[in-house]
Amino acid sequence: MAGEKDLNVLGAIDNNFLMEVFVASYKKGEAAKEWLYLGDGIEQIDQKTDDTKSSKSYMNGGGQTRTTVTGSTISYDVSGDRSIGNPAQDLIAKLKGGTGVGRYSNLRVNQYTMNDDGSLTLIESEEGVATWSDITDRGGKATDPKTFKATATYNSKPKQIEKGDAKLTEVLTDTPSVNATILSTTATTATGTPS
């Protein structure tokens, strides 16, 4: 019918490799200088959100309990094979055994979507300081590759840059799309600026 809103809006269902993760050394009060792509040897990256909740029943709730989120933690579980000599993996592996600030790095996660012509569009980015925990950079059967596993947890809410924000162009300049190179295509931002 004319004037009726289409509720069956189709989005992009893309492969997870279009999420590009970068790390950089952390120095207090300094911006990240050299971003390193965390992809070689990495088979899986899973985002996790852990919420701290408080549940209470109020007199005006009709007997229902109201849940309030009082804190939230965003983290990424990274797993795969150890790639010795890969700068991103080496940076994380060197943090093993450290404590406090000795476990920090800068973390940037760029999310792309693939267009019908095969080109990529950067639609959002998040960035912040993260703590790396549970770092494993060796082990396994004699004939298997060494294991690589670690968890990066943002120390505070990451800075979000979303579709349409002109700052995405700066992000794409600082951390060009690795997959655009691999796929022999181009990457632009959602604002239409080419890389």
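Computed from a prediction, not measured in an experiment: that's the story for all the values here.

Draft legend 1. Quick look at the nonpolar core. Ranked by size, the top nonpolar core spans 23 residues in total, and within it Leu38, Tyr76, Ile92, Leu107 and Trp132 carry the most contacts. Elements that contribute at least two residues to this core include exactly strand S1 (19–25), strand S3 (42–57), strand S4 (65–81), helix H1 (87–94), strand S5 (104–114), strand S6 (120–136) and strand S7 (147–154). In terms of residue count, the dominant contributor to this core is S7 (four residues). The contact partners of Leu107, leaving out residues within four places of it in the chain, are Val21, Phe22, Val23, Trp35, Tyr76, Glu126, Glu127, Gly128, Ala130, Trp132, Ala152 and Tyr154.

Draft legend 2. Structural view of the pattern of salt bridges. Within this structure, the stated rule accounts for seven salt bridges. Ionic pairing is found between Arg108 and Asp174, a salt bridge with its closest N-O pair at 4.0 Å. Placement of the pair is Arg108 in strand S5 and Asp174 in helix H2 (residues 167–174), with a sequence separation of 66 residues. Look at Arg108 and you get buried, because its relative accessible area is 4%. The partly exposed category is assigned to Asp174, whose relative accessible area is 39%. Among the salt bridges present, the one from Arg138 reaches Asp137, with a minimum N-O distance of 3.3 Å. Here the salt bridges share partners, and the residues they tie into one network are Lys96, Asp137 and Arg138.

Draft legend 3. Structural context of the environment of Thr65. The residue Thr65 is located in strand S4 in this model. The spatial distance from the C-alpha of Thr65 to the C-alpha of Ser54 is 9.9 Å, given a sequence separation of 11 residues. Here Ser57 takes part through its side chain, which lies 3.1 Å from a polar atom of the side chain of Thr65.

Draft legend 4. Region of the structure containing the environment of Glu126. Tracing the chain through its elements places Glu126 in strand S6. Ignoring any residue separated from it by four or fewer positions in sequence, one finds Glu126 in contact with Gln47, Tyr76, Leu107, Arg108, Val109, Tyr154, Pro158, Lys159 and Gln160. Side-chain polar atoms of Glu126 contact the side chain of Tyr76, separated by 2.6 Å. Of note is the side chain of Glu126, whose polar atom sits 3.0 Å from the side chain of Tyr154.

Draft legend 5. A look at the packing of aromatic side chains. The final tally for this structure, using the stated rule, is three aromatic pairs. Ring geometry for Phe22 and Tyr37: centres 5.6 Å apart, planes at 50°, overall tilted. One end of the pair, Phe22, is in strand S1; the other, Tyr37, is in strand S2 (residues 36–37), and 15 residues separate them in sequence. Judged by relative accessible area, Phe22 falls into the buried class, the value being 4%. A relative accessible area of 27% places Tyr37 in the partly exposed class.

What counts as what
- Residues numbered from 1 in each chain as written.
- Predicted model: local features only at pLDDT ≥ 70, side-chain atom pairs only at ≥ 80, totals over all residues.
- Heavy atoms only, no water.
- Core = buried A, V, L, I, M, F, W, Y, C linked by side-chain atoms within 4.5 Å.
- Buried < 20%, exposed > 50% of the residue type's maximum accessible area, 1.4 Å probe, protein only.
- Helix = DSSP H or I, 4+ residues; strand = E, 2+ residues; numbered from the N terminus.
- Contact = heavy atoms within 4.5 Å.
- Salt bridge = Lys/Arg side-chain N within 4 Å of Asp/Glu carboxyl O.
- Polar contact = N/O pair within 3.5 Å; in protein donor to acceptor, adjacent residues only side chain to side chain.
- Phe/Tyr/Trp six-rings, centres within 6.5 Å; stacked < 30°, edge-to-face > 60°.

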